[in-house]
Amino acid sequence: MMRTTISSNKVRSKFVQDVQDISGQDLLSCNQCGKCSAGCPVAGTMDLLPSQVVRMAQLGMEEVLSSRTIWTCASCLTCVTRCPKGVDLPRMMEALREISLRAGVSKIDLNSLPPELLRELPQLAIVGGFRKYIK
Ligand code: SF4
Ligand code: SF4
């Protein structure tokens, strides 16, 4: 189980401010109702549920940046249509990816991709994937 210390300094940290500035979302508007997690079509592939990602971001827990969830979110907008508080979670996920990428953490090592895979993948998927996963 993940253990962390909650503090007012973390809640008011630059990390929280950056997530809010980049996403344009007020993190504290989420009341943790869980409707986003209940309706997410790819929740089964995630290590943290979408609502847990929001909670960790609210609390300034930068550990959320190492979560698989921020990379597997498909930006499908299902959670946006379900959220009673108007939180745009895909924007928040994008902000977390952006913060990771700015810190130099690419999710994919280009050199590790086999050439035969690159030949088979649709070009649009490759370009879209590069924009999402690589700094
Ligand atoms: S649906 Fe909205 S308010 Fe509810 S947990 Fe998800 S982000 Fe928070
Ligand atoms: S946008 Fe992301 S978090 Fe929201 S429902 Fe779709 S895959 Fe899940």
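Residues numbered from 1 in each chain as written. Chains lettered and ligands numbered in written order. Predicted model: local features only at pLDDT ≥ 70, side-chain atom pairs only at ≥ 80, totals over all residues. Heavy atoms only, no water.

Let us look at the site of ligand 1. Around ligand 1 sit Cys30, Asn31, Gln32, Cys33, Gly34, Lys35, Cys36, Ser51, Cys83, Pro84, Lys85 and Val87, and that is every residue in its neighbourhood. When grouped by side-chain class, the residues that make up the shell around ligand 1 number 6 nonpolar, 4 polar and 2 charged. (Near = heavy atom within 4 Å. Nonpolar A, V, L, I, M, F, W, Y, C, P; charged D, E, K, R; others polar.)

The environment of ligand 2 is made up of Cys40, Pro41, Val42, Pro50, Cys73, Ala74, Ser75, Cys76, Leu77, Thr78, Cys79 and Pro90. Of the residues contributing to the shell around ligand 2, the split by class is 10 nonpolar, 2 polar and no charged.

A separate point is the domain arrangement of the protein chain. Domains assigned within the protein chain are domain 1 (8-104) and domain 2 (107-135). Here domain 1 and domain 2 have C-alpha centroids that lie 24 Å from each other. On the side of domain 2, 6 residues touch domain 1, which itself brings 6 residues to the contact. Carbon and sulfur atoms make up 63% of the area that domain 1 and domain 2 hide from each other, which totals about 570 Å². Linking domain 1 to domain 2 there are 0 salt bridges. Across the domain 1-domain 2 interface, the total number found is 0 residue pairs in polar contact (both at pLDDT 80 or more). Those elements that provide at least two residues to the side of domain 1 that touches domain 2 are α5 (69-72) and α7 (89-102). In terms of residue class, the side of domain 1 that touches domain 2 is built from 3 nonpolar, 2 polar and 1 charged. (Domains from an automatic or database assignment. Contact = heavy atoms within 4.5 Å. Buried area = accessible area lost by both parts, 1.4 Å probe. Salt bridge = Lys/Arg side-chain N within 4 Å of Asp/Glu carboxyl O. Polar contact = N/O pair within 3.5 Å; in protein donor to acceptor, adjacent residues only side chain to side chain. Helix = DSSP H or I, 4+ residues; strand = E, 2+ residues; numbered from the N terminus.)

What follows deals with the pattern of salt bridges. A pair can form between side chains of opposite charge whenever their charged atoms are brought close. In this structure the tally under the stated criterion is 4 salt bridges. Taking the shortest distance from any N to any O, the salt bridge between aspartate 88 and arginine 91 comes out at 3.2 Å. The exposure class assigned to aspartate 88 is buried, which follows from its relative accessible area of 17%. With a closest N to O distance of 3.3 Å, arginine 102 and glutamate 98 form a salt bridge. Here arginine 102 and its partner glutamate 98 are both found in helix α7, 4 residues apart, which amounts to about one turn of the helix. Classification of arginine 102 as exposed rests on a relative accessible area of 60%. Glutamate 98 sits in the partly exposed class, given a relative accessible area of 27%. (Buried < 20%, exposed > 50% of the residue type's maximum accessible area, 1.4 Å probe, protein only.)

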